[in-house]
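Residue-level structure breakdown
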Amino acid sequence: MAASCPLPVTPDLPTLRAKLQGLLQFLRDALSISNAHTVDFYTESVWEELVNLPPETVLAALRKSASETEALPSETRPLVEAEWEAELRQKRVLNLLTLLKLLPENGMVHLGKIQPHLSSTRFMILLQRRALGMTDFPKIFCETSQKLVSVEAFALAAKYYSVQNLGICTPFEQLLVALRGNQNQRIGENQKAVEFMNMKKSHEVQAMSELISSIADYYGIKQVIDLGSGKGYLSSFLSLKYGLKVYGIDSSNTNTHGAEERNRKLKKHWKLCHAQSRLDVNGLALKMAKERKVQNKVKNKADTEEVFNNSPTNQEKMPTSAILPDFSGSVISNIRNQMETLHSQPHQEENLCFENSFSLINLLPINAVEPTSSQQIPNRETSEANKERRKMTSKSSESNIYSPLTSFITADSELHDIIKDLEDCLMVGLHTCGDLAPNTLRIFTSNSEIKGVCSVGCCYHLLSEEFENQHKERTQEKWGFPMCHYLKEERWCCGRNARMSACLALERVAAGQGLPTESLFYRAVLQDIIKDCYGITKCDRHVGKIYSKCSSFLDYVRRSLKKLGLDESKLPEKIIMNYYEKYKPRMNELEAFNMLKVVLAPCIETLILLDRLCYLKEQEDIAWSALVKLFDPVKSPRCYAVIALKKQQ
């Protein structure tokens, strides 16, 4: 194990269960909003059934909540918080100052008695900064009808029960520092992949590979298994950039063949990059050699003049910059500094498709710069040293292998049957779909060779749920959700629509990438037409992405009916447009309802992530586990990694 700092302290299992308990209390009432499908919005009168507020009120409150949350810069909040405490002190609200300092984490605060005395922004941020263990929010839902009655309280609770605000996340940079210890950072901040990946994938691969390589160094591991490797972006990067031996396993033969071809192109591009770098370095070396030759001539001339002229005024030396203004000493110094940095690095790396890359020690001639030692290396020894170095480089490159494999992975998959030379390794997965993410964790816990896991899941709607459709006969033994004992005891079920809504990207919507309200509206109205005119309430076929191809609502309905196999000629244009005119004034209901689903989405994702983290905390041989925010959620909404490391033998 590399020299390192202690790993960051993470919440223990009782603390996480307490967080789960509070989250479930909120979701028991709120989950009905997430489970309502947009397609059935008008046919099942969703707004009237679940919300007891005008849509204008809901939209205004949500917009106000979002704008107020971002209104104050973070550096000004501590000072403002003190002012709020003074305000509370004057109003003597439940002696809150004492509660803020003494309240246990699972304590109860009747927030409904406190909130009216503060603006929503002040109230929310004050509670966040004090990290109260709130379980009793102001009245959010009507006790009899279960309808939403306070959108402000709803938004407050949803904000509180997100991953970031629950205090269950470990900072990415803090973890990297602990893993690296005194080692230098292996990938520069200014080095960015510029080929073969779009901006989103580049962002994800760089962040995740940096973490994986640090964990590999921490354990002294060289083998990585990438489950759901897809097109091989992460696998190739780990292999070529960090020198790791990577097995990329994907269930699709098409992806495997594509990954092999892409990796071939990457290697070719890599060689071209190094060939160009070799020319650049040799050019610099040639310039330095010429400069040294001129400097020697100047020095010899000065020595000759000194012999024949002992006058101090004639002993002044001409500066090199006057002779070589185009190749200054700063350039030489910079090259020497880079050489020293390269020699000091504990691991030799190869740079693939990076800007500003200069990791070229294996290509740089030994005599390209002035030796730091006073001893000169004879030409023969130099040649032998170069040969030996090339041999070492060749041997090193042989271990930097990426092997794409095709196999369908389940929780019971036997890795020894798939990977013949399985050794101590890390298991990783970047946006593993559905059950593959929880199965990754199960394989990790059941295989002694796997020392660490880093899993970023996605596609929550594809998870299998143990307590969904319990009336059906089931043969499956291991389910995607839930995993931990607590949620199993609760027999908790989210439902497919709720899991699908967990994939909504709140941060993207907040950043201005709004929901496609009109296309959702078209689909909801179409459903009412199908129900009334064709007597169909459920259909196995899907409309798909027709909206972008349509010029109008009428065109949308005609195309959709044809795709669903329904006779569109029986519906005259007037009837279709009557439905449009009927629901157009209620389009804001759909917009407001979808915003409620977006606000609630992080809570459902939190539930799924907490379930996985609690499962890992329940395992006896795991030394450390955490949730880490790896990505910018605007660039990559599924940004949380579940990470665990086993105890050392």
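Up top is the structure.
In short, a report on the structure. Here the residue numbering is sequential within each chain, running from 1 through the sequence in written order. The predicted origin of the model limits local features to residues at a pLDDT of at least 70 and limits the giving and counting of side-chain atom pairs to 80 or more, whereas totals for whole chains, interfaces and linings rest on all residues. Only hydrogens and water are removed before side-chain values are computed, so all heavy atoms of the structure are retained for them.

1. Quick word on the pattern of salt bridges
Any two side chains of opposite charge can pair, on the condition that their charged atoms come close. By definition here, a salt bridge exists when the distance from a side-chain nitrogen of Lys or Arg to a carboxyl oxygen of Asp or Glu is within 4 Å. Under the defined criterion, the tally for this structure stands at 16 salt bridges. Note that Glu210 is salt-bridged to Arg180, the shortest N-O span being 2.6 Å. With a gap of 30 residues between them, Glu210 in helix α10 (residues 199-219) and Arg180 in helix α9 (residues 172-180) connect regions that are remote in the sequence. A single burial state applies to Glu210 and to Arg180, both of which are buried. In this structure, Asp421 and Lys245 form a salt bridge, with 2.5 Å as the shortest nitrogen-oxygen distance. Only DSSP runs of H or I reaching four residues or more are called helices, and only runs of E reaching two or more are called strands; each is numbered from the N terminus. Buried residues are those whose accessible area, probed at 1.4 Å on protein chains only, stays under 20% of the maximum for their type, while exposed residues exceed 50% and partly exposed ones sit between those limits.

2. Comments concerning unusual backbone geometry
Geometrically, the link from Phe481 to Pro482 is a cis peptide bond, its omega value of -5° lying close to zero. Tracing the backbone shows Pro482 in the loop between β6 (450-458) and α18 (485-490). Located in the positive-phi region is Ser45, a residue other than glycine, with phi close to 50°. Examined against the element boundaries, Ser45 turns out to sit in the loop between α1 (13-35) and α2 (46-50). Phi angles above zero are rare outside glycine, and Cys459 is one such case at about 50°. As for its position among the elements, Cys459 is in the loop between β6 and α18.

3. Remarks on the nonpolar core
The definition of a nonpolar core used throughout is a set of buried Ala, Val, Leu, Ile, Met, Phe, Trp, Tyr and Cys residues joined through side-chain atoms within 4.5 Å. Counting residues in hydrophobic clusters, the biggest one holds 147 residues, and the most contacted among them are Phe26, Phe154, Met208, Leu211, Leu607 and Leu630. Among the elements that line this core, the one with the most residues is helix α24 (residues 587-617), at 16 residues. Ignoring anything within four residues of it in the chain, the contact list for Leu211 reads Phe172, Leu175, Leu176, Leu179, Cys454, Leu630 and Ile643. Throughout, a contact is declared for two residues whenever any of their heavy atoms are within 4.5 Å.

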